[in-house]
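Geometric and topological summary
Given next are the chains, with one letter for each unit.
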Amino acid sequence: MEQEQRTQTNSQSATLSPFSLDGKLALITGGGSGIGFDIARCMVQAGGTVVITGRREQPLQEAVATLGDRAHYMVNDVTDRPLLDDLVERIEAIYGPIDTLVNNAGINMKKPALEVTDEDFDRIVHTNLNSVFSLTRACAKRMMARQSGSIIMISSMAAYYGIDRVAAYAASKSGVEGMVKVLASEFSGNGVRVNAIAPGFIETAMSKTAMGGDPDRFARAMRRTPMGKFGQPEDIGWAAVFLASEAAKYITGASLPVDGGNSIGF
Ligand code: NDP
């Protein structure tokens, strides 16, 4: 009898795992490479369907070929803000309702603050903050009407503590952290959760550029990371699967560090 019950529970949990993304569609910006690609890969592995975007078509084509049938792409520059409503409308018309938005696309720039021009500053904030708001609004309108959705922002340790030479980047990611709290308060009553993942130092093209030829920066980053190593893009991918899934159904307004302890390291 007990054995029978256990078998029943096991087979239920196999089909109804709260971590499964079966039947869920995610839009992932910047999904052709780096962290965005691994978010897409982990979501597909968890049973979901993904639409990835980026400015360059070739990496998107290659990514979709690797990810298989449940991955699709659209070429899109998130900074073309007037086109974002149309992007969301097209995706939903072709693939169905977007359950999860992952605002992953982002750019960085390392320069002493006194050398940062207004144009530099605007460019970073435009991509990492202004566009994130516009795309989030476009998706949230539809999610709110359906009373269901999960919005995930990719923040940074630069929003947690002072990292030198990334004034614009830190300002943009701090803005994202603030936006998560406000949007979570406005949207969560309508079934739309809003959260951030704050990656530590993760091995991608972006971190290679930031650390390249700067052994002192690398050493400082590692010194305050208790796990003593860089993270892998899939570490962010699995956290995104969790936040998108039913397992996280009571989590909103949170910022989850995925950082090997970097944010609490001495
Ligand atoms: P990469 O530079 O490796 O990848 C960035 C991706 O974003 C690319 O696919 C790029 O594609 C896309 N992208 C950039 N600009 C645009 C745009 N205007 N419109 C659409 N897509 C765009 O960066 P990471 O994977 O390292 O970073 C991903 C996110 O994680 C970023 O938000 C970053 O700030 C954040 N992050 C990364 C950390 C790290 O250590 N790597 C640490 C903390 C945060 P394309 O060029 O074709 O448009």
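Look above for the structure.
Attention here is on the structure that accompanies the text. Values in this document were obtained by computation on a predicted structure and should not be read as measured data.

1. Regarding the overall build of the chain
The secondary structure content of the chain amounts to nine helices and seven strands. Scaling as 2.2 N^0.38, a compact globule of 266 residues should have a C-alpha radius of gyration of about 18 Å, and the chain matches this with 19 Å. The dimensions of the chain, computed from C-alpha atoms along their principal axes, are 70 × 45 × 40 Å. Expressed as a percentage of the 266 residues in the chain, the buried residues total 48%. Once local pairs closer than 6 in sequence are excluded, the contacts in the chain between residues at least 24 apart make up 71%. Entry remark: accessible area of the chain is about 13100 Å², with carbon and sulfur atoms responsible for 54%.

2. Considerations on the site of the ligand
Surrounding the ligand, one finds 28 residues, the nearest of these being Ser33, Arg55, Asn104, Tyr169 and Thr204. For the ligand, an oxygen atom lies 2.8 Å from a polar atom in the side chain of serine 33. Within the side chain of aspartate 77, one N or O atom sits 2.9 Å away from a nitrogen atom of the ligand. Look at the ligand: alone it shows 890 Å² of surface, and the protein chains cover 92% of it. Per-element tally for the shell around the ligand: the top contributor is helix α7 (residues 205–211), with three residues. Taken together, the residues of the shell around the ligand sort by class into 11 nonpolar, 13 polar and four charged.

3. Quick look at the sheet that holds strand β2 (residues 49–54)
Ordered by their spatial adjacency, seven strands build an open sheet running β3-β2-β1-β4-β5-β6-β7, and the pairing between neighbours is parallel. In this open sheet, the two strands that pair with only one neighbour each are β3 (71–75) and β7 (255–258). Direction aside, neighbouring strands of the sheet carry axes that sit 20° apart on average. Two elements, strand β1 (residues 25–29) and strand β4 (residues 100–103), share three bridges in a ladder whose sense is parallel. Residue pairing across strands places alanine 26 opposite threonine 100, the latter belonging to β4. Contacts between helix α4 (residues 84–95) and the sheet are confined to β1, β2 and β3, with β3 contributing the most and set at about 150° to the helix.

4. Details of the side chain of threonine 204
Along the chain, the position of threonine 204 falls in the loop between β6 (192–199) and α7. Exposure remark for threonine 204: the relative accessible area of 12% places this residue in the buried category. A polar contact is formed between the side chain of threonine 204 and the backbone nitrogen of methionine 206, at a distance of 3.2 Å. Dropping the residues within four chain positions of it, threonine 204 is found in contact with Gly34, Ile35 and Pro233.

5. Details of helix α5 (residues 118–146)
Here α5 is 29 residues long and its end C-alpha atoms lie 40 Å apart, about the 42 Å a rise of 1.5 Å per residue gives. The sharpest bend along α5 reaches about 45° and sits at histidine 126. Positive backbone phi, at 60°, marks glutamine 147, one or two positions downstream of α5.

6. Comments concerning the packing of α5 against helix α6 (residues 167–187)
For the pair α5 and α6, the least separation of the axes is 8 Å and the interaxial angle reads 15°. Between α5 and α6, the crossing angle belongs to the class labelled roughly parallel. Like other packed secondary-structure pairs, α5 and α6 cross with a definite hand, here right-handed. For the pair α5 and α6, contact is made by Phe121, Ile124, Val125, Asn128, Leu129, Val132, Phe133, Thr136, Ala140 and Met144 and by Ala167, Ala168, Tyr169, Ala171, Ser172, Lys173, Gly175, Val176, Met179, Leu183, Glu186 and Phe187, respectively.

7. Comments concerning helix α9 (residues 233–244)
Helix length check: α9 (12 residues) gives 17 Å between terminal C-alpha atoms against 16 Å at 1.5 Å per residue, within 8%. Restricting attention to buried positions, one finds in α9 the residues Pro233, Ile236, Gly237, Ala239, Ala240, Val241, Leu243 and Ala244. Contacts from the buried residues of α9 go to α2 (34–45), β4, β5 (149–154), β6 and β7.

Each value, and the rule that gives it
- Positions within a chain are numbered from 1, following the residues in the order the chain's sequence is written.
- Per-residue local features are limited, in this predicted model, to residues with pLDDT of at least 70; the limit for side-chain atom pairs, both in listing and counting, is 80 or more; totals at the level of whole chains, interfaces and linings are taken over all residues.
- Side-chain measures here rest on the full set of heavy atoms in the structure, leaving out hydrogens and waters.
- Where helices and strands are cited, they refer to DSSP runs of H or I of at least four residues and of E of at least two residues respectively, numbered from the N terminus.
- For the radius of gyration, the atoms used are the C-alpha atoms, and the globule rule reads 2.2 Å times the number of residues raised to 0.38.
- Relative accessibility decides the category of a residue: with a 1.4 Å probe and only protein chains considered, values under 20% of the type maximum give buried, values over 50% give exposed, and everything between is partly exposed.
- The contact definition used throughout considers only heavy atoms, calling two residues in contact when any of these lie within 4.5 Å.
- Throughout, the Shrake-Rupley method with a 1.4 Å probe supplies accessible areas, and for residues the shown protein chains are the sole cover considered.
- Here a residue is near a molecule or strand as soon as one of its heavy atoms is found within 4 Å of it.
- N or O atoms closer than or at 3.5 Å make up a polar contact, with two conditions inside protein: a donor-capable atom paired with an acceptor-capable one, and, for residues adjacent in sequence, both atoms drawn from side chains.
- Throughout, the ten residues Ala, Val, Leu, Ile, Met, Phe, Trp, Tyr, Cys and Pro are labelled nonpolar, Asp, Glu, Lys and Arg are labelled charged, and all others, Gly among them, are labelled polar.
- Whether two strands pair depends on DSSP finding at least two bridges between them.
- Note on method: axes are straight lines fitted to C-alpha atoms, helices fitted across the in-contact stretch only, with angles between N-to-C directions ranging 0 to 180 degrees.
- How far a helix is expected to stretch is found by multiplying one less than its residue total by 1.5 Å.
- To get the bend at a residue, fit one axis to the 7 residues ending there and another to the 7 starting there, then take the angle between the axes.
- Here roughly perpendicular refers to angles of 65 to 115 degrees, roughly parallel to angles under 35, roughly antiparallel to angles over 145, and oblique to all remaining angles.
- Crossing handedness is read from the near helix: turned anticlockwise from the far helix by less than a right angle, it gives a left-handed crossing, and turned clockwise, a right-handed one.

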